[in-house]
Structures are given as C-alpha cells and as structure tokens.
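Spelled out, the chains give:
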Amino acid sequence: MKRPFSALTVLMPLLLMPGANAFAYVDPGTGSMILQVILGGFAALAVVGKLYWHRFIAFFRRGKSGNSHSDSESDSGID
C-alpha cells in the first residue's frame with residue numbers, strides 16, 4: 001500500500017534539526033509594542049461585540065410577539 005506524500009514528512013526532519021545561536025537582542029520597546037497590539041485587539045473585539053450585541057439578542061427573541069424597536073417608538077409618541 002502506497003503512503004501519500006505529505007508536507008509533514010518533509011517538515012518534521014527540518015523542525016528537529018538544531019539551529020544556530022542567533023545572539024539577537026530584543027529591546028524593551030518591542031515588548032511594549034507587542035502588548036499594545038494584544039490590548040488593541042481586545043479593545044477592537046469589545047467594540048465589534050458591542051456593535052453587534054443587539055443583533056445577537058434579536059436573533060434569539062424573534063419568536064416573541066412584536067418588535068421591540070417599533071414598540072419603543074410608539075411609547076415615545078413618535079408618529
């Protein structure tokens with residue numbers, strides 16, 4: 001039975017080979033930049049979640065009678 005060729009059979013020996021020392025330096029600014037990107041991503045997810053929260057809730061409330069948006073307009077006296 002012939003075994004299919006996969007990328008894993010090629011990449012695994014390369015990943016197991018020892019690498020040379022890099023002697024690289026990462027300054028403190030790099031760490032704070034990475035932290036800023038992570039925190040910015042969480043903030044963006046929070047904003048997107050807030051924008052779509054009403055749509056998410058409305059999806060589960062479709063079975064109930066009436067539309068809450070039209071009810072609030074009639075209560076406020078807007079014609």
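Sequence positions are assigned chain by chain, starting from 1 and proceeding in written order. Since the coordinates come from a predicted model, pLDDT governs what is reported: local features require at least 70, and pairs of side-chain atoms require 80 or more to be given and counted, while whole-chain, interface and lining totals use all residues. Calculated side-chain values reflect all of the structure's heavy atoms, with hydrogen atoms and water omitted.

A. Structural detail: the overall build of the protein. Helix and strand content of the protein: three helices and zero strands. Put simply, DSSP H or I for four residues or longer makes a helix, DSSP E for two residues or longer makes a strand, and each gets a number counted from the N terminus. Listed by position from the N terminus, the elements making up the protein come as α-α-α. Looking at the 79 residues of the protein, the share that counts as buried comes to 0%. Per element, the accessible surface of the protein, about 8,100 Å² overall, is 67% carbon and sulfur. Working definition: with a 1.4 Å probe on protein chains only, accessible area under 20% of the residue-type maximum means buried, over 50% means exposed, and in between means partly exposed. Residue exposure ignores everything except the shown protein chains as possible cover, and the areas themselves are Shrake-Rupley values with a 1.4 Å probe.

B. Layout of the packing of aromatic side chains. Here a pair means two rings of Phe, Tyr or Trp (six-membered ring of Trp) with centres within 6.5 Å. Their orientation is stacked below 30 degrees between planes, edge-to-face above 60, and tilted elsewhere. Taken as a whole and assessed by the stated rule, the structure comprises three aromatic pairs. On the basis of an interplanar angle of 80° and a centroid distance of 5.1 Å, the ring pair of Phe56 and Phe60 is categorised as edge-to-face. Residue Phe56 and its partner Phe60 are located together in helix α2 (residues 28–60), separated by four residues, close to a single helical turn. The exposure class of Phe56 is partly exposed, given its relative accessible area of 44%. Taken together, the aromatic side chains of Trp53, Phe56, Phe59 and Phe60 make up a single cluster linked through ring pairs.

C. Local environment of the confidence of the model for the protein. Values of pLDDT, the confidence the predictor places in each residue, fall between 0 and 100. The predicted model of the protein has a mean per-residue pLDDT of 78, with 72% of residues at 70 or higher. When pLDDT is averaged over each helix and strand of the protein, the minimum, 52, is found for helix α3 (residues 68–75) and the maximum, 91, for α2.

D. Spatial organisation of a nonpolar patch on the surface. Patch membership is restricted to residues that have no salt bridge and whose relative accessible area is over 30%. Joining uses 9 Å for like charges and 5 Å for the nonpolar side chains Val, Leu, Ile, Met, Phe, Trp and Tyr. Think of a salt bridge as a Lys or Arg side-chain nitrogen and an Asp or Glu carboxyl oxygen that are within 4 Å of each other. Taken together, Leu8, Val10, Leu11, Met12, Leu14, Leu15, Leu16 and Met17 make up a surface patch of nonpolar side chains, about 860 Å² in accessible area. Note on placement: Leu14 falls in helix α1 (residues 7–16).

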